[in-house]
Amino acid sequence: MQVFTLNRRAFSAKQNGRALSIYYGELTEIFGELDHLDKVVMENPNNIEAYRKSIHRLRVHIFLAGLDESFEQIRGEILRRDPIPELESCYALVRRESVRRTTMAKESEEVEPAAMATRNRYNQKGSFQRYSKTEVDKSSLKCTHCNQPGHTIDMCFELVVYPNWWDQPLERKKEIKKNSGAQMASTKKGNDSMVTSASVARAGNDGHQNEANDWLWC
């Protein structure tokens with residue numbers, strides 16, 4: 001009767017969310033009592049070894065069957081092994097998996113607050129930048145150095161370092177300025193030539209230098 005009760009306890013034992021060590025300790029206690037009460041007398045060494053392996057395999061199955069569903073993967077890995085490990089080895093494998101999960105959970109708990117703090121700082125910085133961009137009216141600013149609108153003297157690129165993205169527009173501005181200067185110079189030169197030609201013409205008329213019209217002055 002005691003053997004039956006112990007076997008029923010063993011087959012119905014479940015982890016049910018308890019610590020792995022408590023569940024395993026409960027089973028090993030039951031198995032120890034069974035070994036003490038249910039003694040099988042055999043004379044053939046081969047039969048003794050076969051019986052021992054059978055009992056060993058049964059107890060491994062009982063232990064694995066009572067584990068929580070979260071250990072389904074490691075349970076399948078153990079059952080696929082041939083030969084199947086001893087009960088103590090099976091417990092060591094499952095316990096290692098349990099420790100690995102606990103460690104990962106703690107690391108995740110430590111990383112999440114840090115990640116959240118980083119996101120908050122980023123959001124606050126982004127909000128501040130958006131607020132700054134919308135609040136500052138650059139149309140009212142004017143540099144006293146270059147007389148250009150949109151910035152002040154402390155942000156003038158001619159006094160501070162030009163940013164990398166300004167190189168190409170700066171070259172274009174220089175080229176436009178150069179072309180504009182050349183065009184103005186050309187226009188001025190043309191105007192000066194016209195003025196000179198007109199002056200020469202008037203001088204010719206006043207000084208009687210046009211031979212074709214000499215008769216008019218006779």
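Located above this text is the structure these notes cover.
These notes cover the structure that comes with them. Since the structure is predicted, the reported quantities are computational estimates derived from the model, not experimental observations.

**Digging into the overall build of the protein chain**
Part 1: Secondary structure summary: the protein chain contains 6 helices and 0 strands in total.
Part 2: Counting every position in the protein chain, which comprises 218 residues, the buried fraction comes to 19%.
Part 3: The long-range share in the protein chain, meaning contacts at least 24 apart out of those at least 6 apart in sequence, stands at 49%.

**Points about the packing of aromatic side chains**
Part 1: For the structure on display, the rule yields 4 aromatic pairs.
Part 2: Note on Phe63 and Tyr91: the rings are 6.5 Å apart at their centroids and 65 degrees apart in plane angle, and the pair reads as edge-to-face. Of this pair, Phe63 sits in helix H3 (residues 45–65) while Tyr91 sits in helix H5 (residues 87–135); the two residues are 28 residues apart in sequence, bridging distant segments of the chain. For the pair Phe63 and Tyr91, one class covers both residues: buried.
Part 3: The ring of Phe71 carries Arg101 above its face, with NZ or CZ at 5.0 Å from the centroid.

**What about helix H2 (residues 20–37)?**
Part 1: A rise of 1.5 Å per residue sets the reference length of H2, with its 18 residues, at 26 Å; its end C-alpha atoms lie 26 Å apart and thus fit the reference within 8%.
Part 2: By the burial criterion, the buried members of H2 are Leu20, Tyr23, Tyr24, Leu27, Ile30, Phe31 and Leu34. Seen along its axis, H2 keeps its buried residues to an arc of 125 degrees; they face one direction. Of the exposed residues in H2, those oriented more than 90 degrees away from the buried face are Glu29 and His36.

**Side note on the side chain of His56**
Part 1: Its location among the elements puts His56 in helix H3.
Part 2: A residue is classified by how much of its surface remains accessible, and His56, at 12% relative accessible area, is buried.
Part 3: Side-chain polar atoms of His56 contact the side chain of Glu86, separated by 3.4 Å.
Part 4: Among all residues touching His56, those that are not within four sequence positions of it are Ile84, Pro85, Glu86 and Leu87.

**Details of a nonpolar patch on the surface**
Part 1: A cluster of nonpolar side chains, Val40, Met42, Ile48 and Tyr51, forms an exposed patch at the surface whose accessible area comes to about 300 Å².
Part 2: Residue class for Ile48 comes out partly exposed when judged on its relative accessible area of 41%.

**Some remarks on unusual backbone geometry**
Part 1: In this structure, the amide linkage connecting Asp82 to the following residue, Pro83, adopts the cis form with an omega of 0 degrees.
Part 2: Mapped onto the secondary structure, Pro83 falls in the loop between helix H4 (72–79) and H5.
Part 3: The backbone of Asn16 sits at a positive phi, close to 55 degrees, despite the residue not being glycine.
Part 4: With respect to the secondary-structure elements, Asn16 resides in the loop between helix H1 (2–12) and H2.
Part 5: Looking at Asn16, the relative accessible area reads 63%, which means it is exposed.

**Let's talk about the nonpolar core**
Part 1: In terms of nonpolar packing, the biggest core is built from 24 residues, with Leu27, Phe31, Phe63, Leu67, Ile78 and Val94 touching the most fellow members.
Part 2: Listing elements by their share of this core, those giving two or more residues are H1, H2, H3, H4 and H5.
Part 3: When sequence neighbours within four positions are dropped, the list of residues in contact with Val94 reads Leu20, Phe63, Leu67, Phe71, Ile74 and Ile78.

**Overview of the side chain of Arg75**
Part 1: Secondary-structure assignment places Arg75 in helix H4.
Part 2: Among the residues examined, Arg75 registers a relative accessible area of 9% and is labelled buried.
Part 3: In this structure the side chain of Arg75 is engaged in a polar contact, spanning 2.4 Å, whose partner is the side chain of Glu72.
Part 4: When sequence neighbours within four positions are dropped, the list of residues in contact with Arg75 reads Leu64, Ala65, Leu67, Asp68 and Glu69.

Rules behind the numbers
Residues numbered from 1 in each chain as written. Predicted model: local features only at pLDDT ≥ 70, side-chain atom pairs only at ≥ 80, totals over all residues. Heavy atoms only, no water. Helix = DSSP H or I, 4+ residues; strand = E, 2+ residues; numbered from the N terminus. Buried < 20%, exposed > 50% of the residue type's maximum accessible area, 1.4 Å probe, protein only. Contact = heavy atoms within 4.5 Å. Phe/Tyr/Trp six-rings, centres within 6.5 Å; stacked < 30°, edge-to-face > 60°. Lys NZ or Arg CZ within 6 Å of the ring centre and 35° of its normal. Expected span 1.5 Å × (residues − 1). Arc of directions from axis to C-beta. Polar contact = N/O pair within 3.5 Å; in protein donor to acceptor, adjacent residues only side chain to side chain. Patch = residues over 30% accessible without salt bridge, like charges linked within 9 Å, V, L, I, M, F, W, Y side chains within 5 Å. Areas by Shrake-Rupley, 256 points an atom, 1.4 Å probe, with all protein chains shown as cover. Salt bridge = Lys/Arg side-chain N within 4 Å of Asp/Glu carboxyl O. Core = buried A, V, L, I, M, F, W, Y, C linked by side-chain atoms within 4.5 Å.

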